[in-house]
Amino acid sequence: MAAIGFTAAAPLVGLGSIAHAADAVRAEVGKPLQEAQKLAQAGKNKEALAKLKEADAVGGKSPNEVYLIERTRASAAAAAGDNDAAAHAFEAVINSGKLSAAEAPKFTQALAGIYYRAKDYPKAITWIQRSLKDGENAQMRELLIQTYYISGKYAEAAKELQGKGNSEAQLQMLANIQLKQNDKAGYVQTLEKLAGSYPKTSYWADLLNRVTGKPGFSGSLSLDVLRLKLANGLLSKPGEYMEMSQLSLQAGNGAEALKIIDQGYKKGVLGVGSDAARHQRLKDLAVKTAADGETNAAKVEAEVLKNKDADGLSNLGFALASAGKTDKGLDLMTQAVKMDGAKHPEDLKLHLGIAQAQAGKKAAALTTLKGVKGSDGAADLARYWTLQINHPM
C-alpha cells in the first residue's frame, strides 16, 4: 500500500481576524508575531521560527496570544519539516479550544500525519482514532490501517480490513498479514478475492499451486487444475502442454487433447526444438483418438449405459462436447451426474460445470458448479471456475 500524504501546514490567520477585542494582542507580542507570519508566507519558515522566539520571551501572555503564536509555529514548523516542533504546536492549538468546528478536524488530521511521518506510530494511532471519532474519513481510515501494519499491529490492521470492499492494495496487505500470522485458510480466502476482483496470473498461479498442495487433494483432479490454468493463460512450458494433452487422451477426450496441442503450436511452445518430432507424434495420436472417438461414440454410449458406468458416460459426454457436439455431450454428462456408482461423484458435477462454461452456457455452469461439494479439492476448483467465469483474465 502506498504511503499516504497529508498537508500538515496550519493556515496562517491574520491577527485582526482571530483576536477578540477582550483579548487584544500586545505590541511586544504582536510585532514579532506579525513578522514571523510574513516570513512564513514568504517561505522563510526557519526564519519565522526564530522570530517566534522573541514572542515566546514575552512574559504573562494571554491564552489568545499563546494560541496565535502556536498557530503560526505550527504552520512554519510543518513547512520547515520540524516534526517535533510542529507536533507540539499543533497539540497546543487543538487543545486551546479556539478552533472552529470546521477547522478542528483538519488540525487533528494534520497532527496525525505529522506523527506518522515522524514514525511515532503510537501517537499517530491516537490522533487518527481521535479524528475518526469526530467523523468517518476514508483517508484517515486508510492511514490507520497502514499505521497498524507498519508498526507491527497486524491483528488490528486485519480487523480493519476484514469484511469490506477492499482495494487491491488493501487485499494485498491483508494477504501479507495472514502470511505473517500463518493463517493459511485466511490467506487463501483473500487470494480468492484478489483473483476474483483483480484477476492476474500471479494470483491465479499462487491459488492453484496452493489448492494442489492441500492435504487430501485428489489426483483425479489434476487435469481439471490444468484446464483452469489453460483458461487463465498459465501454461507456458512444452511439458505442461504435453502433460495436459496426455491426461486428456487418458480420459478419452481426443478432441480436447487436440485443442490443447494446437494451442501449444500456435503459441510457439510445441513443434519446435529437439522434441518437435515427439510433439508431432502426440498430435497425430490426438487426431486419431478424436476420430476414433467420433466413430465409436454410439457404441461406447450403449456400452456405458448398459453397464451403468457413470464415469465412462461423463467422459464420453465431455469428449463429445469438446468435439462440438455440445447438446449431446452435455446431455450425457447430465445423465452421468444423476447415476449412482461413480468413483468420484463430485468430479462429475465439476466436469459438467466446466463443459457448460466452455460451451458458453454461463448460467447453467454457475448453477452446476455451486452444487459441487467435498473436501478433496473438487469444491475448491468449482469455486475457482466460478471466479474465472465471472471475472475472466
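The rules behind these values
- Residues numbered from 1 in each chain as written.
- Predicted model: local features only at pLDDT ≥ 70, side-chain atom pairs only at ≥ 80, totals over all residues.
- Heavy atoms only, no water.
- Helix = DSSP H or I, 4+ residues; strand = E, 2+ residues; numbered from the N terminus.
- Contact = heavy atoms within 4.5 Å.
- Core = buried A, V, L, I, M, F, W, Y, C linked by side-chain atoms within 4.5 Å.
- Buried < 20%, exposed > 50% of the residue type's maximum accessible area, 1.4 Å probe, protein only.
- Salt bridge = Lys/Arg side-chain N within 4 Å of Asp/Glu carboxyl O.
- Expected span 1.5 Å × (residues − 1).

Engineer: Looking at this structure, how should I read the side chain of Asn45?
Structural biologist: Topologically, Asn45 is positioned in helix 3 (residues 45–56). Residues within four places of Asn45 in sequence aside, it is in contact with Leu39, Ala40, Ala76, Ala79 and Ala80.

Engineer: When you look at the nonpolar core in this model, what are you seeing that I'm missing?
Structural biologist: Side chains of a nonpolar character, in soluble globular proteins, are inclined to be buried together. Formed by 47 residues in total, the largest nonpolar core has its most connected members in Phe90, Leu111 and Ile128. Not counting chain neighbours up to four residues away, the residues in contact with Ile128 comprise Ala112, Met140, Leu143, Leu144 and Thr147. Formed by 33 residues, the second largest nonpolar core is a distinct cluster that contains Leu171, Leu207, Met333 and Ala355.

Engineer: I would appreciate a short explanation of the pattern of salt bridges in the present structure.
Structural biologist: Note that side chains of opposite charge can pair when their charged atoms are close. Taken as a whole and assessed by the stated rule, the structure comprises 22 salt bridges. When the shortest N-O distance is used, the salt bridge between Asp262 and Lys283 registers 3.5 Å. Linking Asp262 in helix 15 (residues 254–266) with Lys283 in helix 16 (residues 276–306), this pair joins segments that are 21 residues apart in sequence. For Lys283, a relative accessible area of 23% corresponds to the partly exposed category. In this structure, Lys325 engages Glu294 in a salt bridge whose closest nitrogen and oxygen atoms are separated by 3.8 Å. Residue Lys325 is located in the loop between helix 17 (310–322) and helix 18 (326–338), and its partner Glu294 is located in helix 16; the two are separated by 31 residues in the primary sequence. Here Lys325 falls in the partly exposed class, since its relative accessible area comes to 38%. Within this structure, Lys31, Glu35, Lys51 and Glu54 form a network of salt bridges that share partners.

Engineer: I would appreciate a short explanation of helix 5 (residues 83–95) in the present structure.
Structural biologist: Along an α-helix, residues three or four apart share an orientation, since each turn contains 3.6 residues. Its 13 residues give helix 5 an end-to-end C-alpha distance of 18 Å, which sits within 8% of 18 Å, the value for a rise of 1.5 Å per residue. Listing the buried residues of helix 5 in full gives Ala85, Ala86, Ala87, Ala89, Phe90, Val93 and Ile94. If you follow the buried residues of helix 5, they end up packed against helix 4 (63–80), helix 6 (104–117) and helix 7 (121–134). Following helix 5 by one or two positions, Gly97 adopts a phi angle in the positive range, close to 80 degrees.

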